[in-house]
Amino acid sequence: MKKVAVIMGSDSDLPVVEKAITTLKEYGVPAEVHVFSAHRTPEQAREFALNARKNGFGAIICAAGKAAHLAGAFAANTTLPVIGIPVKSSTLDGLDALLSTVQMPAGIPVATVAIDGAVNAALLAVQILSVSDEALADRLQQARTAATEAVLKKDAAVADKYNS
Ligand code: RP5
């Protein structure tokens, strides 16, 4: 199975990023985790992105806050799918990181999830890998079915309490 790279701009992003790592583990997807910064370690970030496809990665998750250029910098150096997580780590509540991550010019896409949306970033990476992995596709469908059943149970409980 292809690996997913989970990159964060600083170890201060870890509380958010850990949710992505946990979600990938739940699906049995191998992840490699690193701290690379578009601003503080641009050479290391570039090197990793340039070699990611030949090193067995199928998708790259990049989490960064403030002037968040990490996902865009990775996308500039690979044609693998790059998923950006804007991290709420500043006085601007993550809006700065959201706009920095999402507003990519045509030609260099970054699939941007919600501010601190680490679970969805991981799920999107799993969905990307599931295009060529039936077992992964089955696991995703099972999780969707379980989530639907959980909400239906909640509906039944609420309806029972208020509609009788
Ligand atoms: C960004 O700046 C990082 O992704 C982090 O969200 C933010 C703050 O980094 P630290 O100063 O805590 O290392 O590059």
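Because the structure is predicted, anything quoted here is derived from the model rather than measured.

Novice: Can you walk me through the site of the ligand in this structure?
Specialist: Gly9, Ser10, Ser12, Asp13, Arg40, Ala64, Gly65 and Ser89 make up every residue found near the ligand. Within the side chain of serine 12, an N or O atom sits 2.7 Å from an oxygen atom of the ligand. At a separation of 2.8 Å, an oxygen atom of the ligand approaches a polar side-chain atom of arginine 40. In terms of residue class, the shell around the ligand is made up of one nonpolar, five polar and two charged.

Novice: Sorry, what's going on with the domain arrangement of the protein here?
Specialist: As a measure of interface size, the accessible area lost when the parts come together is often cited. Taken domain by domain, the protein holds domain 1 (3–132) and domain 2 (134–164). Here the C-alpha centroids of domain 1 and domain 2 sit 29 Å apart. On the side of domain 2, seven residues touch domain 1, which itself brings nine residues to the contact. Regarding the contact of domain 1 and domain 2, the summed buried area is about 600 Å², with carbon and sulfur atoms giving 67% of it. When the area that domain 1 buries against domain 2 is broken down by residue, the three leading residues are Tyr27, Gln127 and Ser130, summing to 73%. Run the count over domain 1 and domain 2 and you get one residue pair in polar contact (both at pLDDT 80 or more). Grouping the amino acids of the side of domain 1 that touches domain 2 by side-chain chemistry returns five nonpolar, four polar and no charged.

Definitions and limits used
Residues numbered from 1 in each chain as written. Predicted model: local features only at pLDDT ≥ 70, side-chain atom pairs only at ≥ 80, totals over all residues. Heavy atoms only, no water. Near = heavy atom within 4 Å. Polar contact = N/O pair within 3.5 Å; in protein donor to acceptor, adjacent residues only side chain to side chain. Nonpolar A, V, L, I, M, F, W, Y, C, P; charged D, E, K, R; others polar. Domains from an automatic or database assignment. Contact = heavy atoms within 4.5 Å. Buried area = accessible area lost by both parts, 1.4 Å probe.

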